[in-house]
Amino acid sequence: MFLVVSVFNKENLENVVEDLRKHNIEGITIVDVYGMGNIGFSEHGQKADFYPKVKVEIVVSNAKTRDLAMECIRSNCQDMGHGAGKIWWLNVGGVERIRTGEKDEDALTTQIDKKIKNVMNDSCFHMTDTPCS
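All figures in this text were calculated on a predicted structure; none of them were measured in a lab. (Residues numbered from 1 in each chain as written. Predicted model: local features only at pLDDT ≥ 70, side-chain atom pairs only at ≥ 80, totals over all residues. Heavy atoms only, no water.)

K.L.:
Looking at this structure, how should I read the overall build of the protein chain?
P.N.:
When its secondary structure is counted, the protein chain shows four helices and four strands. The linear arrangement of helices and strands in the protein chain, starting from the amino end, is β-α-β-β-α-β-α-α. Counting across all 133 residues of the protein chain, residues that qualify as buried make up 26%. A separation of at least 24 residues holds for 66% of the contacts in the protein chain among residues at least 6 apart in sequence. Looking at the protein chain as shown, the accessible area adds up to about 9,800 Å², and 53% of this sits on carbon and sulfur atoms. (Helix = DSSP H or I, 4+ residues; strand = E, 2+ residues; numbered from the N terminus. Buried < 20%, exposed > 50% of the residue type's maximum accessible area, 1.4 Å probe, protein only. Contact = heavy atoms within 4.5 Å. Areas by Shrake-Rupley, 256 points an atom, 1.4 Å probe, with all protein chains shown as cover.)

K.L.:
What is the right way to look at the pattern of salt bridges in this model?
P.N.:
Between side chains of opposite charge, a pair can form as their charged atoms come close. If you walk through the whole model with that rule in mind, you get seven salt bridges. A salt bridge links Glu-96 to Lys-103, with the shortest nitrogen-to-oxygen separation between them at 3.1 Å. Overall, Glu-96 belongs to the partly exposed group, its relative accessible area being 46%. Between Glu-102 and Arg-97 there is a salt bridge; the shortest N-O distance is 2.6 Å. (Salt bridge = Lys/Arg side-chain N within 4 Å of Asp/Glu carboxyl O.)

K.L.:
Quick question: what am I supposed to make of the packing of aromatic side chains here?
P.N.:
Tallied over the full model, the rule gives zero aromatic pairs. Directly above the ring of Phe-2 sits Arg-66, whose terminal nitrogen or CZ lies 4.5 Å from the centroid. (Phe/Tyr/Trp six-rings, centres within 6.5 Å; stacked < 30°, edge-to-face > 60°. Lys NZ or Arg CZ within 6 Å of the ring centre and 35° of its normal.)

K.L.:
Please explain the nonpolar core as it appears in this structure.
P.N.:
Among soluble globular proteins, nonpolar side chains are generally buried collectively. In terms of nonpolar packing, the biggest core is built from 17 residues, with Phe-8, Leu-13, Val-16, Leu-20, Ile-58 and Ile-73 touching the most fellow members. Elements represented by at least two residues in this core include exactly strand E1 (2-8), helix H1 (13-22), strand E3 (51-60) and helix H2 (63-77). For this core, the leading source of residues is H2, giving five residues. In contact with Phe-8, other than residues within four places in its own chain, are Leu-13, Val-16, Lys-53, Val-54, Val-56, Ile-73, Cys-77, Ala-84 and Gly-85. (Core = buried A, V, L, I, M, F, W, Y, C linked by side-chain atoms within 4.5 Å.)

K.L.:
Explain the environment of Pro-52 to me, please; I cannot follow it from the model alone.
P.N.:
Note on placement: Pro-52 falls in strand E3. The spacing of Pro-52 and Asn-9 is 43 residues in sequence and 7.2 Å in space, taken between C-alpha atoms. Excluding residues that lie within four positions of it along the chain, Pro-52 makes contacts with Lys-10, Val-33 and Tyr-34.

K.L.:
What exactly am I supposed to notice about the sheet that holds E3 here?
P.N.:
Backbone hydrogen bonds hold the strands of a sheet together, and the pairing may be parallel or antiparallel. With antiparallel pairing, the four strands of this open sheet are ordered in space as E2-E3-E1-E4. The open sheet terminates on both sides in strands that have one partner only, identified here as strand E2 (28-35) and strand E4 (85-91). Going across the sheet, the axis of each strand differs from the next one's by a mean of 20°, ignoring polarity. When E1 meets E4, the two strands line up antiparallel, connected through seven bridges. Within the sheet, the bridge partner assigned to Phe-8 lies in E4 and is Gly-85. (Pairing = 2+ DSSP bridges. Axes fitted to C-alpha atoms, helices over the stretch in contact; angles between N-to-C directions.)

Put into structure tokens, the structure is as follows:
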């Protein structure tokens, strides 16, 4: 299992997510970040500029899916200009789906394939009206 992490320009996000969905890659976490790559301190005496980017994290079950996710990102972000972004990956020791207790690759497969409802039933969740709600 691998964690694929990438940081790239926000304007590419919609195309990247659409491409990942088209290839049935799910479980995407997206965070707004500010960053500075190699060019930030290259000019002496200049103030460092941090640019708005997005950070995308995806946990995948195998090397084939890792490579496919990376290609989805690369093909939508690669423009040969400075600041296009970075992709890196890490080995993942284990994953557990909190709701069902499934572990590792079972925790990364889609709910639709397993015919598991993605909603809570009444026995495990009770809504209470409070003055704050």
